[in-house]
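Listed here are the chains, written in short residue letters.
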Amino acid sequence: MGLMRGRRPTSTGTLARAIPALLAAALCSETMAFSLGPALPAMRLRTSTSARLSSLTMNSSPKVSFVRQTDASTKMAHKQKTLNKYCESVYKTERRKTRTVHCGDVPIGSEHPVALQTMTTALTTDVQGSIDQVMRCADAGAQLVRLTVQGQREADATMKIKEGLLKAGYTTPLVADIHFAPKIAMQVCEAFDKIRINPGNFADGRKTFKEITYEDPKDYQAELDYIEETFTPLVLKCKELGRAMRIGTNHGSLSARTLSYYGDTPQGMVESAFEFARICRKHDYHNFLFSMKASNPKVMVAAYRLLAAEMYSLDWDYPLHLGVTEAGEGEDGRMKSAIGIGSLLQDGLGDTIRVSLTEDPWLELDPAGKLKAIANAQLEAAGAASNVPTWRETTRDFKVFSSREVELPVQKESDNLDMRNVLHRDGSVISAITLEQLDQPAALYAKLGCKTAVGFPFKDIATSDSVFIRTLPAAADKERRLALRRLQEVGVGVLAPIAELTANPLPDAVAVVPLAEMAGAKMPEGAVRMAVTVRGDESDELLKAVASSDAVMILLEVPADISRIHASRRVFEAMKAEASKIPVIHHTKFTTEPRDELVLTTGSQVGCSLVDGNGEGVLIESPLDLEFVRLTSFGLLQGSRMRNIKTEYVSCPSCGRTLFDLQEVTAKISEATGHLPGVTIAVMGCIVNGPGEMADADFGYVGGAPGKIDLYVGKTVVRKAIPSAEACDELIQLIKDNDRWVEKEVEEEAVAA
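Residues numbered from 1 in each chain as written. Predicted model: local features only at pLDDT ≥ 70, side-chain atom pairs only at ≥ 80, totals over all residues. Heavy atoms only, no water.

S.K.: Would you explain the sheet that holds strand 7 (residues 244-250) in this entry?
M.R.: The strands that make up a sheet pair up through hydrogen bonds in the backbone, lying either parallel or antiparallel. Spatially, 8-7-6-5-4-3-10-9 is the arrangement adopted by the eight strands of the open sheet, whose pairing is parallel. Either end of the sheet is taken by a strand with one partner, and the two such strands are strand 8 (288-293) and strand 9 (321-322). The sheet contacts of helix 10 (residues 297-314) involve strand 8 and strand 9, and relative to strand 8 the element is tilted by about 145°. (Pairing = 2+ DSSP bridges. Helix = DSSP H or I, 4+ residues; strand = E, 2+ residues; numbered from the N terminus. Contact = heavy atoms within 4.5 Å. Axes fitted to C-alpha atoms, helices over the stretch in contact; angles between N-to-C directions.)

S.K.: I'm lost on the nonpolar core in this one. Help?
M.R.: The nonpolar side chains of a soluble globular protein tend to be buried, and buried together. Membership of the largest hydrophobic core comes to 110 residues, with the highest contact counts inside it found for Ile195, Phe231, Leu234, Met245, Ile247 and Phe290. At 11 residues, the largest contribution of residues to this core is made by helix 10. Ignoring anything within four residues of it in the chain, the contact list for Phe231 reads Ile197, Phe202, Met245, Phe276, Ile279 and Cys280. Formed by 46 residues, the second largest nonpolar core is a distinct cluster that contains Ile469, Ile554, Ile562 and Ala574. (Core = buried A, V, L, I, M, F, W, Y, C linked by side-chain atoms within 4.5 Å. Buried < 20%, exposed > 50% of the residue type's maximum accessible area, 1.4 Å probe, protein only.)

S.K.: It is not clear to me how the pairing of strand 18 (residues 553-556) should be interpreted in this structure. Could you clarify?
M.R.: Side-chain direction in a regular strand flips from residue to residue, so the side chains alternate between the two faces of the sheet. Burial along strand 18 is two-sided: Met553 and Leu555 and Ile554 and Leu556, pointing in opposite directions, are all buried. Here strand 17 (residues 529-534) pairs with strand 18 via four bridges, running parallel. Residue pairing for strand 18: Ala531 is matched across the bridge by Met553. For the segment spanning strand 17, helix 17 (residues 540-547) and strand 18, crossover handedness is right-handed. Two elements, strand 18 and strand 19 (residues 584-589), share three bridges in a ladder whose sense is parallel. In the strand pairing of strand 19, Leu555 is matched with Ile585. (Right-handed = clockwise from strand over helix to strand, strands pointing away.)

S.K.: Just checking my understanding: could you explain the pairing of strand 15 (residues 493-497) for this structure?
M.R.: Buried residues dominate strand 15, accounting for five of its five residues. With burial as the criterion, each face of strand 15 is covered, one bearing Gly493, Leu495 and Pro497 and the other bearing Val494 and Ala496. The pairing of strand 14 (residues 466-469) with strand 15 spans three bridges and is classified as parallel. The partner of Ser466 across the bridge, within strand 15, is Gly493.

S.K.: I keep staring at the pattern of salt bridges and nothing clicks. Help me out?
M.R.: Any two side chains of opposite charge can pair, on the condition that their charged atoms come close. Going through the model one piece at a time under the given rule, you end up with 47 salt bridges. Asp351 is the partner of Arg95 in a salt bridge, and the nearest nitrogen-oxygen pair spans 2.8 Å. Residue Arg95 is found in the loop between helix 3 (72-80) and strand 1 (101-103), and its partner Asp351 is found in the loop between helix 11 (330-346) and strand 10 (352-353); the two are separated by 256 residues along the sequence. Considered together, Arg95 and Asp351 belong to a single accessibility category, that of buried residues. The partner of Lys370 in a salt bridge is Asp366, with the nearest N and O atoms 3.1 Å apart. Of the two residues, Lys370 and Asp366 both sit in helix 12 (residues 365-380), four residues apart, roughly one turn of that helix. Linked by salt bridges that have partners in common, Arg305, Asp347, Glu393, Arg396, Arg569 and Asp612 make up one network. (Salt bridge = Lys/Arg side-chain N within 4 Å of Asp/Glu carboxyl O.)

See the structure below:
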C-alpha cells in the first residue's frame, strides 16, 4: 500500500482484535507479552508466510520499521532474553540509573532529586490568570508547571505567558500539554521548555474503540510511516532548540492501531510510547522521558515496571515521570496516588512526579512533596534493608498479577460464635481500639462502621471485620466486656495479645502470638484461634514453621528499623515457597503522624505489596480518629482494587480544557451517588481522556461542549449535549435505568434498650 504524503493511511478488512502471533514469535520484538493483557489471537494475512516474513525482514525503507532496527546479533540475544529486571534491586531501594534530561534550568534524572510538578486549571488564553497560577504553584514548590495548549488561541498566548513570568522573576520551566495538534506543538516549542505529547492521539486523532485487522503488514507499516512523517519535524525542532519532551502514554487514550495489536494492556501502553521513542533515537534526540499513566494504580504500576524492564533489556536510560491519572480528590485521590507513585518510588523508579487531584493545582504539591520525602527516607535508610536476612526472590513475577490463594477461617463444631466473618474474602480491615473507647459503645460501634438498632450493633458493608485491643477489660468490668461481646455476637472478631488473654481470659477471642514464642505457646482459656505476629527478620526456619502452622492469620508487623517492603517480600516469598494459605494482614503503627502522612505512607509502603497480590488485609494502629483510620484502611483496599465499599470515581484533575467546574460537579455527583459500592463513575472535564477512561467505568459524565454534558454507559455515549444544570439528575436516572441504583438508607438512631 503506497503512502500519500500528508494523508493518514486507512486500513481495510473486518474488525477483530489481532496481534500477529507468527511475527511475535519469529521476530525480535522490543516489547514482550505482559500477562495482565488478554490472550491475543493470530492475525489473518492474505500473503504467504514466506512473502510476509520477507517483506518485513528485508524492508529497505529508511523509515522506522515495524521490524525494529537492530542488528542480527542483538536480535538473537534479545530473542533469548526474558524480562527479569525492572529495578536496580528487589532487596533494597536504589534509584534506577538514568541519563539527565534538561527542562529549562531543571535537570531530571537519577543524579538529581525527584522533581515536583503540577498543571494549571486556568484557561491558557487567560494570560494573566495563567501567570498567576504558575507563580502560586512555583511558590508552593512546583519545579515544573504544565499548561494545556489545545488550539491556535492557546498557542498564541504561550509566549506572552512565558514573557510575563520572566518579567516577574519566575524561570519555572513550562510544559505544553499537546493532544491532536502537531502544528501547535511546533509553534509552542518557541516559548515553552518542554512538550508533552500523547502517543495515542498525536497523529492518530481522537480515540476510537474499533478493533482492526491489518490484512497486510504493509498497512500497519504505513501507519507507522505516517506517524514518523508527522512527528519528525517536532523532534528536530526540539533538538535544535534544546527543548525537552515527555512521551506520555495514557491508558485511556491508546490508538485503535495499538488496541488492535496489543489490547488495552500495559504492553500496548509501552509499545505506543516506543513507536515515538524510536523516531527520537533515529534522529539522535535523547532529551526526552516517558510516562505510563492510568487511573487504575495496579495497571499504572504494571505499565511502568514493564517499561523499565524493556529499557533495561535495550540498555535505554531515559527518566520516568510518575503519575496516577484522574485520581480524584481528598483522601481517596491521595491514596490512589500513593499506591501508584509511592509503590514505584519504593523500588527506586521515578525521577519527576505529579499527584493529579481534583483540587486547585497548588494543593497537589504538598502530597507530592510528602511522597518524595517518604521515598527519600527509604533511600537514606539503606541499612534498614540490610537488617532483612539475605534471601532470594523466586516466586514473585512482576509481569504477572496473581493474588495468593488463601483459606479463610472455617467454623468448628466447638465454636460458640460464628468465626467465619473475622476475615473477609476480598480483603480484611482490622481496627485497633482502646480500653477507653469501650466506655462509649454507641460511639465505638459507629466509628467501626456498624449499623445500630435499639443499641445493638450490626455489621454493614464497611464495618471493620475484626478489632485488635492491646489491653483487655478486667473480668469484673462487665460494661466494657458487654461492649466487646456484642461485637463478637455479630461476627466482629476480637484479637488480643496472648499475654493479655492469659491474664484476662476473654471467651471466643483470637490470641496474637509473636512468632518467636509460637512453638511453646499455650492457648489461653477461652481463646479459640491463634494469629501470629511476624516481623520479617526471623530465621528461615521460623518462617517455614509459621507457614505450616494452624494460625488463622499472620500479622505482618515490621519494626521501624527494617525496610517494610523488603521484609514483606521476604515473608511472602517464604509463604509461597511453602504453598501456605494463611492470610497475611499488613500491620502498621503510627504515633503522631498527620492524616496526609498516614494515608501516603500506608499507600506507599503497604500498597507496594498489595499491587503484587501480596496481602489479604490491613491493621493500622494510630492515635487518629478511629473512623478516619477505618475508612483509610478500606480506601487502601479499594485503591488496590481488592474490596469496594463505596462508589469508585475516576475524576480528572481539571485543566484549561475543562468545560465545567470540575470540583463543584464532582462534589455534587459524589454526594448524590457515593452510596453505590461496586459502581464506578468517571467525571471528565473534556473529551481528551474522557472516552478512553470510560472503559474503566460503568458510567461517565463528560464535558462535550461549553455548558453541555455527554453521558456514557461503559465506553458508549448514550446521551449527548445535556444542559449542565440537568446532567446530574440525568446521570442518576441513567444509573437507575441500568438497574444499578439503590436508595440511600436512613441511619436508625440508637435507642436505649
